[in-house]
Amino acid sequence: MDKLASLLHMTPAIFWMVVKVVIVFSAIMLLASVWTWVERRGSAMIQDRIGPNRAAIFGKIRIIGLAQLLADGIKFFFKEDLVPEDANKGLFWLAPFLAFVPALIGFAVIPFGRSFESGGVTYYLSVLDPGNGMGLLYPMAIGGMAVYGVLLAAWSSNNKWSILGGMRASAAMVSYEIGMSLAVVTIFMTTGGYDPAEVIKTQGHLPWAWNIVRQPIGFIVFFTCMFAETNRLPFDFAEGESEIVAGFNTEYGSMKFSLLALAEYSHLMTASALVATLYFGGWQVPFVQNPTVMLSVASFLLKMLFFAWVFVWIRWTLPRFRYDQLMHLGWKVMLPLSMANLVFHAWRMSQGH
Amino acid sequence: MGVIVKKVELSWLDRTYVWPVMKGMSITFGHFIRNLFTTTPNRYTIQYPEMKKEIPEGYRGLHELKRFEDGAIKCVACFMCQEACPARCISIEAEEFSDLNITQGFEEKRPAKFSIDMLRCIYCGMCEEACPKDAIWLRNDYEVAAYDRLSMKYGKWDLMNTYAEADGKERLSQDPTPSVPRRTIVM
C-alpha cells in the first residue's frame, strides 16, 4: 500500500483516505441504483406481479431484470433536459445536488468494518477515523440538510403543486427530526459518547446486549422517524399522485430527476446504515468476539441491506398517512415516546444500571 | 332516512399500530416468499409473447368467411351482415356467377368483393348473428395489427384464408367453378 501511495505521490494516510472515499461512495451509489431495481421487483413480488423483466442487453442477456437499470440510466442520459420557464434556473440546477450530496456524505462517519493493523498503523474502516469530534452528530446534521434539496427543488421549479409538496415534506422532516434526535440522544447517554465506534463497542457482540433489546421504544421511534426523514412511504409527503401530481419533482426530467431519485435511495442506504450502527451493533458479528475484517464488513452489509429491504417492504405494506395524521403521529406520539424513553433511561442510569 | 354507521372499535393492541403493522408485513412477506419460489408459468401474469391465454369457445375475434369443401364461398351476398353491422365496416359487392339457378340447386349470387375494415370493426358479432347462411364466423384470433391502415382492410380472400393455417386447409385465391349442386330442391 505504501508503495502504491508513493507511486501516486501521496502519503499513505491520504492514499488510504482516497481509497476509502472511492470505495464507500461508489458502493453506496451502486447499491442505491440497484435498490431501484429491488424496489420494483420486490414490490412486484409482494403484489403478485412480475415487475420489470424485459430489458435485455443485446436483446439476449436479461439478468433477472437488472438490465433495466442500464436501460433507465441510458434513457435518462439521453432525454431532453427541460428547465421550465420562470423557474429559478440556478436553484433548479442546484437542488438535485443539494438533495444528493447530503444523502451520500452522511455515511462518512459510519464504520463499516472493524479496524485492522498493518505495519504498526491502525486502519479504520470508516471514511472519517473515529475520534474526529463529530461522531454521530454529523449524520444527524447532514440529514437535516436534506430538507434543502427537497425544498429548493420545489421552490425553484415555479409550480404550486411542487411547492405544496416541498413545504409538506420539509414540515414533516423538521418535526420528525426532534423525535429522532431524542431517541439518538438516549443512545449517546447510555453509551457515554457519540462516536459511532464507541457506540458499536459498547453494544458488544452479543445480540441481547444490542441497543434494540435495551431500547426497543427508541428503536421504533428512530426507525419511524427515518421514514419521514428519507421521505418514503408511508410518509412520502414530498410526492402524492392523487393530490399534488408528482410533488417536488414534478418539473424535473432526465438526469436531474434520476439524481433526485438516486438521492432518495442513497438516503435510504445511509438511514439503514445508521439503524444498523445505532441499534444492531454495527459491524459486530453475533457471538463472534473478534471477527475477521471481511466477516465484520459482511455482517455490516447484511444488516444494512436488511434494513434497506425493510424500507421497501414497509413501503409496499402500509397505506399513506394523511397529513394531519402524520403531524399527529410526529408531535403527539413520537415526541412523547422518545421523551419518555429518554427520561426512563436517565432514571435507570441514575439507579446505577 | 338516517343510516347508523357502526364504528369499528379497535382493541388496545390494534391502537398501538405496531401490532397491525407487523401483521400486515407478515402478509406481504408471505406473498413475497410465495412469488419468489413460484416459477413464471405458475404466476398470475401471462408473459404475453411467449405465453398465450387459452381463448374460450365463442370468443369473438378475427372473422372468417366460411367455405364449402370444394372451396366455394358460403356467402351468398345477401347484405344482411352489412345491414346489421353497427360500425358499418362491412362492404360487399355482389355478382351473379353462373347460368345455373336456384331451381337446379345452385346459388346464384356470391360476393365479388367482400371487405371488412378491421380498424372500424368492434367485434360485436352482429354479422355472425345476421348471417342466414352461417358464412361468417368470429373466431379466436385476436392479434390483429398492422403497420398501415390499408392492410387493416381485409378483402374477400384475406377473410377466407384467416384460419386456413390453423384449420390445416389450403389458402384460396380463386372461386372454383360450380359443379355439384349445393342442395336438392324437391319440386
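Caption draft 1: Focus on the overall build of chain A. Scanning chain A for helices and strands turns up 13 helices and 2 strands. For a compact globule of 353 residues, the expected C-alpha radius of gyration is about 20 Å, and chain A comes in at 21 Å, within 12% of that figure. Overall, chain A is about 60 × 55 × 45 Å in size when its C-alpha atoms are taken along their principal axes. Looking at chain A as a whole, 42% of its 353 residues qualify as buried. For chain A, contacts bridging at least 24 residues in sequence account for 77% of all contacts bridging at least 6.

Caption draft 2: Structural detail: the sheet that holds strand S3 (residues 109-117) of chain B. All names here are of chain B. Taken in spatial order, the 3 strands of this open sheet run S2-S3-S5, and their pairing is antiparallel. Pairing within the sheet leaves two strands with one partner each, and these edge strands are strand S2 (90-96) and strand S5 (153-154). Sheet analysis places S3 next to S5, joined by 2 bridges and oriented antiparallel. From the neighbouring strand, Asp 117 faces S5, where its bridge partner is Lys 153.

Caption draft 3: Structural detail: the domain arrangement of chain B. In terms of domain boundaries, chain B breaks down into domain 1 (9-52) and domain 2 (63-167). Taken over C-alpha atoms, the centre of domain 1 of chain B sits 49 Å from the centre of domain 2 of chain B.

Caption draft 4: Representation of the interface of chain B and chain A in the model. Listed as interface residues are 13 residues of chain B and, on the opposing side, 12 residues of chain A. A per-class count over the side of chain B that touches chain A returns 7 nonpolar, 5 polar and 1 charged.

Caption draft 5: Quick peek at helix H9 (residues 216-229) of chain A. In this model H9(A) runs 20 Å from its N-terminal to its C-terminal C-alpha over 14 residues, within 8% of the 20 Å that 1.5 Å per residue would give. The buried count for H9(A) comes to 12 of 14 residues, which makes it a mostly enclosed element. Those residues of H9(A) that are buried are in contact with helix H5 (137-156), helix H6 (160-191), helix H8 (211-214), helix H11 (254-279) and helix H13 (323-350) of chain A together with helix H2 (18-36) of chain B. Of the residues trailing H9(A), Asn231(A) is marked for its positive phi of about 60°.

Caption draft 6: How the structure looks around the environment of Phe307(A). Residue and element names in this part refer to chain A. Within the secondary structure layout, Phe 307 lies in helix H12 (residues 293-315). Judged by the 22 C-beta atoms lying within 10 Å of it, Phe 307 falls in the buried class. The sequence separation of Phe 307 and Pro 216 amounts to 91 residues, and the corresponding C-alpha distance is 16 Å. Residues contacting Phe 307, with those up to four places away along its chain left out, are Ser 272, Val 275 and Ala 276.

Caption draft 7: The arrangement of the nonpolar core in detail. The biggest cluster of nonpolar side chains holds 81 residues, and the ones touching the most others in it are Ala99(A), Val150(A), Ala153(A), Phe222(A) and Val275(A). Looking at which element gives the most residues to this core, the answer is H11(A), with 15 residues. Contact partners of Phe222(A), with chain neighbours within four places excluded, come to Met180(A), Ala183(A), Val184(A), Val275(A) and Leu278(A). Counting residues in hydrophobic clusters, the runner-up holds 19 residues, among them Cys75(B), Cys81(B), Ile90(B) and Ile136(B).

Caption draft 8: Expanded view of the pairing of S3(B). Relative to S3(B), S2(B) runs antiparallel, the two being bridged by 7 bridges. Among the inter-strand pairings, Glu93(B) is bridged to a residue of S3(B), identified as Lys113(B).

Caption draft 9: Main features of the confidence of the model for chain A. Looking at chain A as a whole, the pLDDT averages 85, with 99% of positions reaching at least 70. Considering each helix and strand of chain A separately, the mean pLDDT is smallest for helix H10 (residues 241-244) of chain A, with a value of 72, and largest for H12(A), with 90.

Definitions and limits used
- Residues numbered from 1 in each chain as written.
- Chains lettered and ligands numbered in written order.
- Predicted model: local features only at pLDDT ≥ 70, side-chain atom pairs only at ≥ 80, totals over all residues.
- Helix = DSSP H or I, 4+ residues; strand = E, 2+ residues; numbered from the N terminus.
- Rg over C-alpha atoms; globule rule 2.2 N^0.38 Å.
- Buried ≥ 20, exposed ≤ 12 C-beta atoms within 10 Å, placed from the backbone.
- Contact = placed C-beta atoms within 7 Å.
- Pairing = 2+ DSSP bridges.
- Domains from an automatic or database assignment.
- Nonpolar A, V, L, I, M, F, W, Y, C, P; charged D, E, K, R; others polar.
- Expected span 1.5 Å × (residues − 1).
- Core = buried A, V, L, I, M, F, W, Y, C linked by C-beta atoms within 7 Å.
- pLDDT = per-residue confidence, 0-100.

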